Amino acid sequence: MRADKIYLVGFMGAGKTTLAAALGARLRWRVDDLDAVIERREGARVSEIFATQGEASFRTAEHAALRALLPVRHTVIATGGGAFASAANRALINEDGASFWLDVSFDRVASRLRADDGRRPLAADLGAMERLFQARLPSYQQARVRLDAEHATTDALVQHVVDWLGGQEASSPSP
Ligand code: S3P
């Protein structure tokens, strides 16, 4: 694990994009949104990839996008909600950088995603989404750090991450 790259993981609507932007501004690091990288590389919206090629193709593209981002450092990456559910992606992420899980309740994400405009193909059915939420918890728990994104403000979460990074620096042997 290298402490010069942050991966934000967690369910759709957990606030990964918002926190990534705030962290990027605070640390003066680059910010990448994995879905946006996929869309650029594939030349299609996530919803189009799901509709025309299916979820398996999207997952292949997602893994390839993660790999493409491996060389970049001093970067905050907001991953898509399914990225950390794959064992291969988890291994890659946890080897490459520090993963932070934005832990929020299902009620919170459900109320946020109700206002969704159809951008998220997997958010269409509430029952199926809750099953997905439960099924993914054991994966998210494998993130290096859990963030209480249910109760803490974005500013507090930023501070928590910055403090954690400082602790890593202090405990790593000097070159
Ligand atoms: C997905 C979450 C989405 C996007 C895609 C699949 C998922 O990202 O990657 O629609 O499987 O949970 P967000 O978590 O940014 O919505």
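Residues numbered from 1 in each chain as written. Predicted model: local features only at pLDDT ≥ 70, side-chain atom pairs only at ≥ 80, totals over all residues. Heavy atoms only, no water.

J.: What should I look at first to understand the side chain of Arg90 in this one?
T.: Within the secondary structure layout, Arg90 lies in helix H5 (residues 87-96). One buried charge, Arg90, has no salt-bridge partner; the nearest side chain with opposite charge is Glu62, at 11 Å. One polar contact links Arg90 to Gln142, side chain to side chain, over a distance of 3.3 Å. (Helix = DSSP H or I, 4+ residues; strand = E, 2+ residues; numbered from the N terminus. Buried < 20%, exposed > 50% of the residue type's maximum accessible area, 1.4 Å probe, protein only. Lys, Arg positive; Asp, Glu negative; His and termini not counted. Salt bridge = Lys/Arg side-chain N within 4 Å of Asp/Glu carboxyl O. Polar contact = N/O pair within 3.5 Å; in protein donor to acceptor, adjacent residues only side chain to side chain.)

J.: I'm lost on the packing of helix H2 (residues 34-42) against helix H4 (residues 55-68) in this one. Help?
T.: The relative placement of two packed helices is expressed as an angle between their axes plus a distance between the axes. Axis separation between H2 and H4 bottoms out at 9 Å; the angle between their running directions is 105°. Taken together, H2 and H4 sit at an angle that is classed as roughly perpendicular. Across the interface between the two elements, Leu34, Asp35, Val37, Ile38, Arg41 and Glu42 of H2 pack against Phe58, Ala61, Glu62, Ala64, Ala65, Leu66 and Ala68 of H4. Taken together, the residues of the contact of H2 with H4 sort by class into 9 nonpolar, no polar and 4 charged. (Axes fitted to C-alpha atoms, helices over the stretch in contact; angles between N-to-C directions. Parallel < 35°, antiparallel > 145°, perpendicular 65-115°, else oblique. Contact = heavy atoms within 4.5 Å. Nonpolar A, V, L, I, M, F, W, Y, C, P; charged D, E, K, R; others polar.)

J.: Would you mind going over helix H6 (residues 106-114) with me for this structure?
T.: The α-helix winds at 3.6 residues per turn, so residues separated by three or four positions along the chain end up facing the same way. Among all positions of H6, only Phe106, Val109, Ala110 and Leu113 are buried. With its buried residues spanning 100° around the axis, H6 presents them on a single face. Elements that come into contact with the buried residues of H6 comprise helix H7 (126-140). (Arc of directions from axis to C-beta.)

J.: In this structure, what is going on with the site of the ligand? I would like to understand it.
T.: In the region of the ligand, 14 residues are neighbours, and Lys16, Asp35, Arg59, Arg120 and Arg136 sit closest. Between an oxygen atom of the ligand and a side-chain N or O atom of Arg59, the distance comes to 2.6 Å. Considering the ligand on its own, with 380 Å² of exposed area, one finds that the protein chains cover 96% of that surface. Of all the elements in the fold, those that place two or more residues in the shell around the ligand are helix H3 (46-53) and H4. A class-by-class count of the residues in the shell around the ligand yields 6 nonpolar, 3 polar and 5 charged. (Near = heavy atom within 4 Å. Areas by Shrake-Rupley, 256 points an atom, 1.4 Å probe, with all protein chains shown as cover.)

J.: Explanation requested: the environment of Gly24 in the structure shown.
T.: Mapped onto the elements of the fold, Gly24 is located in helix H1 (residues 16-27). Along the chain, Gly24 and Ile6 lie 18 residues apart, while their C-alpha atoms are 9.8 Å from each other. Not counting the four nearest positions on each side in its chain, Gly24 is found in contact with Trp29, Val31 and Val76.

J.: Help me understand the packing of H3 against H4 in this model?
T.: For the pair H3 and H4, interaxial distance at closest approach is 7 Å and the crossing angle is 130°. In terms of orientation, H3 lies oblique with respect to H4. Seen from H3, the contacting residues are Val46, Ile49, Phe50 and Gln53; seen from H4, they are Glu55, Ser57, Phe58 and Arg59. Of the residues in the contact of H3 with H4, the class split is 4 nonpolar, 2 polar and 2 charged.

Limitation: the analysis is restricted to geometry and does not speak to function.
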